[in-house]
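Residues per chain, in single letters:
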Amino acid sequence: MLLKLLTLGGLGYAGYRYYEKNRSQPAFSGNQGNASVRDAGPESMRDSSGRKWTQADEESDQSFPASDPPANY
């Protein structure tokens, strides 16, 4: 029983290490440097959304990850 638990724990740890190594990074544009948080705005996104951003889109992106949306949203 103990050997099974140790084996399961080892497999779980190996899976966690593999996941952390291959975890995808946020979609930063090339001008972000080595940041861990993306700047707000469509110019800071790696992939274009294909449409023009509204003021509400811009303010919502600037407030992320705040719990409250912008006041005029």
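Now for a description of the structure that goes with this document. (Residues numbered from 1 in each chain as written. Predicted model: local features only at pLDDT ≥ 70, side-chain atom pairs only at ≥ 80, totals over all residues. Heavy atoms only, no water.)

## Looking at the overall build of the protein chain
For step 1, the next point in the chain: When helices and strands are counted, the protein chain shows two helices and zero strands.
For step 2, the next point in the chain: Relative to its 73 residues, the protein chain shows a buried fraction of 11%.
For step 3, the next point in the chain: Intrachain contacts of the protein chain at a sequence separation of at least 6 include 0% that bridge at least 24 residues.
For step 4, the next point in the chain: Carbon and sulfur atoms provide 56% of the accessible area of the protein chain, an area that totals close to 6400 Å². (Helix = DSSP H or I, 4+ residues; strand = E, 2+ residues; numbered from the N terminus. Buried < 20%, exposed > 50% of the residue type's maximum accessible area, 1.4 Å probe, protein only. Contact = heavy atoms within 4.5 Å. Areas by Shrake-Rupley, 256 points an atom, 1.4 Å probe, with all protein chains shown as cover.)

## Things to note about the pattern of salt bridges
For step 1, the next point in the chain: For the coordinates displayed, the defined rule picks out one salt bridge.
For step 2, the next point in the chain: With a closest N to O distance of 2.7 Å, arginine 51 and aspartate 57 form a salt bridge. (Salt bridge = Lys/Arg side-chain N within 4 Å of Asp/Glu carboxyl O.)

## Side note on helix α1 (residues 2–22)
For step 1, the next point in the chain: The terminal C-alpha atoms of α1 lie 30 Å apart, and with 21 residues this matches the ideal 30 Å at 1.5 Å per residue to within 8%.
For step 2, the next point in the chain: Within α1, only zero of the 21 residues are buried, which leaves the element largely exposed. (Expected span 1.5 Å × (residues − 1).)

## A closer look at a nonpolar patch on the surface
For step 1, the next point in the chain: A cluster of nonpolar side chains, namely Met1, Leu2, Leu5 and Leu6, defines an oily patch on the protein surface of about 510 Å² accessible area.
For step 2, the next point in the chain: Note on placement: leucine 5 falls in helix α1. (Patch = residues over 30% accessible without salt bridge, like charges linked within 9 Å, V, L, I, M, F, W, Y side chains within 5 Å.)

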